[in-house]
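Residues per chain are reported as follows:
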Amino acid sequence: MQRIVIFGATSDIAEAAARDFAKAGASFILVGRNPRALDDLCADLKVRGAASVESRIADLSHVASLPALCNDVQNTLGIVDVALIAHGVLPDQQVTNDLCMETLDLLQVNAVSPSLLMIEMLRIFKTQGRGHLVVLSSVAGDRGRPSNYFYGATKALLSVLGEGMALQHAGSDIKILVVKPGFVDTKMTAAFKKGALWASASDVGGAIVSAVAKGRSGVMYTPRFWALIMLIVRNAPSFIVRRM
Amino acid sequence: MAESEITHASWGMYPPEPQHMRKLTSRHAGLPLTGDETVLPYGAGRSYGDSCLNTGGTLLGSAALDHFIAFDAATGVLTAEAGITFATIIDTVLPRGWFLPVTPGTKYLTLAGAIANDVHGKNHHRVGTFGAHILSFELLTSDGGRRTCSPDENADLFAATIGGLGLTGFITHATIQLMPAASAFLDGQSIRFGNLDEFFALAESSSVNYDYTVSWIDCLSGGTSLGRGHFLRANIASSDLVAARGGKTGAGLPLSVPFVPPVSLVNRLTLRPLNALYYQRQQASVVEKLWSYDQFHYPLDAIAHWNRIYGPKGFLQYQCVVPVAVQREAAHALFLEIEKSGQGSFLAVFKTFGAVKSPGLLSFPMEGATLALDFPVAGERTFALLDRLDAIVVEAGGRIYAAKDARMSAATFRAGYARLDEFRKFIDPRFSSGFERRVMGK
């Protein structure tokens, strides 16, 4: 039985992954902001086969509380097999009013908070001698594009931090997986026009669960064709990226 | 609240009218109404015609309301949100010995859609419609109401909403009674029959000992073999039998129709050979079978987007029922008309309904025989044929299934549904659909 903590549990991708983990009878601690949405997900996961589900209501942008939260998670679960860090926001860069304040908020939610959680969970995994840390980054972190480089910058930070951690612990029982989804149809992207490149949250959730089952470490693009797209994008000259 | 525009919103891709969609994000929130638009709940879009469309208004999408709420594995009582699909329900409850009490021929519909259309299945002759197994649901109405409806509470609204085509309000979640299932398999026989008389003899002799019956008919053979086909009858298999015969649920190849071809692949050239081929593929008169539930209940689900084979003009489904007293004569007249026209579907589905009453005011099934086929939209001649079929059905005292309709007249609808006036009182003033405006004449 896997013991799993999910930060930002009611995000669509986290929810989809949790449902797949639940099918195999996992135990959960779900961390999120919205008590009602957490309650709904707890009930849902129990019906789907979860052995046990608890929730913690927390505003993850209050970074000072994160070490205590992680200790609580470890004490409750005993051993933490998987930590999935999935919270984040996607601001509309075009309608920003107070750029400085909003950038600070964005950095706090998308970069500082998940980074601290990565560091804290890795500390716990070291005491256990094992554990699988999964962090949701994005293909947006691979290149600064005019339409969303603030968001991209926060994800670039997570990608580099996670990749470095993964390489440092390569060959050990501590795995760090940086997940870079492409376009995903979720609450966060509800306002976007969808096309053929879009994946569903359950596709991405399923890919995460099977990557964990295989013990994958390092960087994973999902769906997989994004590895090829981003290989091209990373190497594209800037006059092309300007138009993206 | 997420707003979007969608195309091909109904399964028949006809009428081809773009729709405005607003997705609900939580069952706890109120109805998201703006201005004076009309709204219509929208699940998986598996209705074929315009009963799931609201052109000029807004669809209220339930896709994000996909949470289970409670399940008692001892009693089989399940509570879940409106937008959960039958596929998800089966995945979750079948390993614990339960199955849906009633399922139509696709598992990709939603729970609330099943209620709104009071769907039926191959076991109708034993257990009635899906509506007969609903313990309760919660309904949001435009007056701000949030009501629990059950046979004992708001019973009139309960009856109007079952089969009510989403017009009485928005179902947020429902509680249903599941059915015990000893395995994921069905065992029974596939029996080849030569004409309609043989069909009715088989239907009668099978109705007592088989929970599930259905037939595929070669609707393009005439003369003495009018109404020939294959009769399938089955029961849920015991786990011992499955073990003894080595049943495998292994997923088939992931087949899909990846795009809409420029013309319908079902046409005058392909129809007759496809039907004859299907009929001839079983040579023995009786074959013992062990089906997985997917093979038995959902053969078409194995091909994703199968509706695309009908090309860009889409297709019309047609399902009617004629009462038991005249079912032989009426079925004969229907098959003759279809055979004469040379149109018709790749496989018509034919089955007898039983006498179990549904609570729904606008419920489709009645005791008698039901026929379902699909036709590529081939212009006026298709509509003219369906009008002729309507006339036979109305004459016989039968009715047409709203979930599959995009073209029947208001008079045909009224003739079939005696409780329409009673139902009308429960239509929420802010709710409407293309189907409602076309045939119910508010």
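In this report, we go over the structure that sits alongside the text. (Residues numbered from 1 in each chain as written. Chains lettered and ligands numbered in written order. Predicted model: local features only at pLDDT ≥ 70, side-chain atom pairs only at ≥ 80, totals over all residues. Heavy atoms only, no water.)

**Some remarks on the overall build of chain B**
What counts, and what does not: Strands here mean DSSP runs of E at least two residues long; helices mean DSSP runs of H or I at least four residues long; both are numbered from the N terminus. Here the globule rule reads 2.2 Å times residues to the power 0.38, and the radius of gyration is calculated from C-alpha atoms. Burial here depends on accessible area, computed with a 1.4 Å probe over protein chains only, as a share of the maximum for the residue type. Under 20% is buried, over 50% is exposed, and the range in between is partly exposed. Here a residue-residue contact requires only that any non-hydrogen atoms of the pair lie within 4.5 Å. To be clear on the numbers: accessible area is Shrake-Rupley with a 1.4 Å probe, and residue cover counts the displayed protein chains and nothing else.
Of the regular secondary structure elements, chain B holds 13 helices and 21 strands. Relative to the globule expectation of 22 Å for 442 residues, the C-alpha radius of gyration of chain B, 21 Å, shows essentially globular dimensions. Considering only C-alpha atoms, chain B reaches an extent of 60 × 55 × 45 Å along its principal axes. For chain B, with 442 residues in total, the buried portion stands at 59%. Restricting the contact set of chain B to residue pairs at least 6 apart, pairs at least 24 apart contribute 75%. When the accessible surface of chain B is totalled, it reaches about 17000 Å², and 56% of it is carbon and sulfur.

**Let's talk about the interface of chain B and chain A**
To keep it simple, the criterion reads: When two parts are brought into contact, each loses some accessible area as probed by a 1.4 Å sphere; the total of that loss over both is the buried area. The salt bridge definition used is simple: a Lys or Arg side-chain nitrogen within 4 Å of an Asp or Glu carboxyl oxygen. The definition of a polar contact used here is a pair of N or O atoms within 3.5 Å, where within protein one atom must be able to donate a hydrogen and the other to accept one, and adjacent residues in sequence count solely through side-chain atom pairs. When residues are grouped by polarity, Ala, Val, Leu, Ile, Met, Phe, Trp, Tyr, Cys and Pro land in nonpolar, Asp, Glu, Lys and Arg in charged, and all others, Gly among them, in polar.
Of the residues lining the interface, 17 residues belong to chain B; the matching set on chain A comes to 12 residues. By the criterion of area lost to chain A, the three top residues of chain B are His28, His67 and Phe68 of chain B, representing 43% of everything that side buries. The interface formed by chain B and chain A contains 2 salt bridges. Between Asp66 of chain B and Arg19 of chain A there is a salt bridge, with its nearest N and O atoms 2.9 Å apart. For the pair chain B and chain A, the interface holds 7 residue pairs in polar contact (both at pLDDT 80 or more). Those elements that place two or more of their residues in the side of chain B that touches chain A are strand E1 (2-6), strand E5 (68-72), strand E6 (77-81) and helix H1 (86-93) of chain B. With 4 residues, the single largest contributor to the side of chain B that touches chain A is E5 of chain B. Residue composition of the side of chain B that touches chain A, by class: 7 nonpolar, 4 polar and 6 charged.

**Observations regarding the packing of aromatic side chains**
All names here are of chain B. Definition in use: Under the pairing criterion, centres of Phe, Tyr and Trp rings, with the six-membered ring standing for Trp, must be within 6.5 Å; the plane angle then separates stacked pairs below 30 degrees from edge-to-face pairs above 60, leaving the rest tilted.
Taken as a whole and assessed by the stated rule, the structure comprises 26 aromatic pairs over all chains. Consider the rings of Phe99 and Tyr293, whose centres lie 5.7 Å apart with planes at 65°: the pair is edge-to-face. Highlighted residues: Phe99 in strand E7 (residues 98-99) and Tyr293 in helix H8 (residues 293-297), separated in sequence by 194 residues. Like Tyr293, Phe99 is buried. Judged by centre distance (4.5 Å) and plane angle (40°), the rings of Phe199 and Phe350 are tilted.

**Here we look at the side chain of Asp40 of chain A**
Inspection of the secondary structure assignment puts Asp40 of chain A in helix H2 (residues 35-47). On the basis of relative accessibility, which here comes to 10%, the residue Asp40 of chain A falls in the buried class. Contacts of Asp40 of chain A, omitting those with residues within four sequence positions, involve Arg27, His28, His67, Phe68 and Glu81 of chain B.

**A closer look at the sheet that holds E6 of chain B**
Selection criterion: Pairing between strands is defined by DSSP: at least two bridges between them are needed. Under this scheme, a helix contributes an axis fitted over its contacting stretch, all axes are lines through C-alpha atoms, and angles between N-to-C directions fall in the 0 to 180 degree range.
Across the sheet, which stays open at both edges, the 5 strands sit in the order E5-E6-E10-E8-E9 (chain B) with antiparallel pairing between neighbours. Taken across any chain shown, the strands that pair with only one partner, and hence form the sheet edges, are E5 and strand E9 (146-149) of chain B. Across the sheet, the axes of successive neighbouring strands diverge by a mean angle of 10°, strand direction being ignored. With 4 bridges joining them, E5 of chain B and E6 of chain B adopt antiparallel strand pairing. Its bridge partner being in E6 of chain B, Ala70 of chain B is matched across the sheet by Thr79 of chain B. The strands touched by H2 of chain A are E5 and E6 of chain B; relative to E5 of chain B, the strand with the most contacts, the crossing angle is about 40°. Lying over the sheet, H1 of chain B contacts E5 and E6 of chain B, oriented at roughly 40° with respect to E5 of chain B.

**Looking at the environment of His20 of chain B**
All names here are of chain B. Of note, His20 is situated in strand E2 (residues 19-23). Since its relative accessible area comes to 22%, His20 is described here as partly exposed. Each C-alpha atom of the pair His20 and Gly57 lies 6.9 Å from the other, and the pair is 37 residues apart in sequence. There is a polar contact of 2.5 Å between the side chain of His20 and the side chain of Glu3.

**Considering unusual backbone geometry**
Looking along the chain, the bond that leaves Thr222 of chain A and enters Pro223 of chain A is cis, with omega of -15°. Residue Pro15 of chain B follows Tyr14 of chain B across a cis peptide bond; omega there is -5°. Inspection of the secondary structure puts Pro15 of chain B in the loop between E1 and E2. Positive phi, close to 55°, is recorded for Met13 of chain B, a residue that is not glycine. By the element assignment, Met13 of chain B lies in the loop between E1 and E2. Among the residues examined, Met13 of chain B registers a relative accessible area of 5% and is labelled buried. Backbone geometry at Leu165 of chain B places phi at a positive 55°, although glycine is not the residue there. Within the fold, Leu165 of chain B resides in the loop between helix H4 (155-161) and strand E10 (170-177). Residue Leu165 of chain B is classed as buried on the basis of its relative accessible area of 9%.

**Focus: the environment of Ser61 of chain A**
Residues and elements named next belong to chain A. Topologically, Ser61 is positioned in the loop between strand E3 (52-57) and helix H3 (66-77). Along the backbone, Ser61 and Pro35 are 26 residues apart, and their C-alpha atoms lie at a distance of 16 Å. Reaching out from Ser61, the side chain makes a polar contact with the side chain of Asp59 at a distance of 2.7 Å.

**Quick look at H1 of chain B**
With 6 of 8 residues buried, H1 of chain B lies mostly within the body of the structure. Of the positions making up H1 of chain B, those classed as buried are Phe86, Ala87, Ile89, Ile90, Thr92 and Val93 of chain B. Check the buried side of H1 of chain B and you find it contacts H2 of chain A together with E5, E6, E7, helix H2 (111-116) and H8 of chain B.

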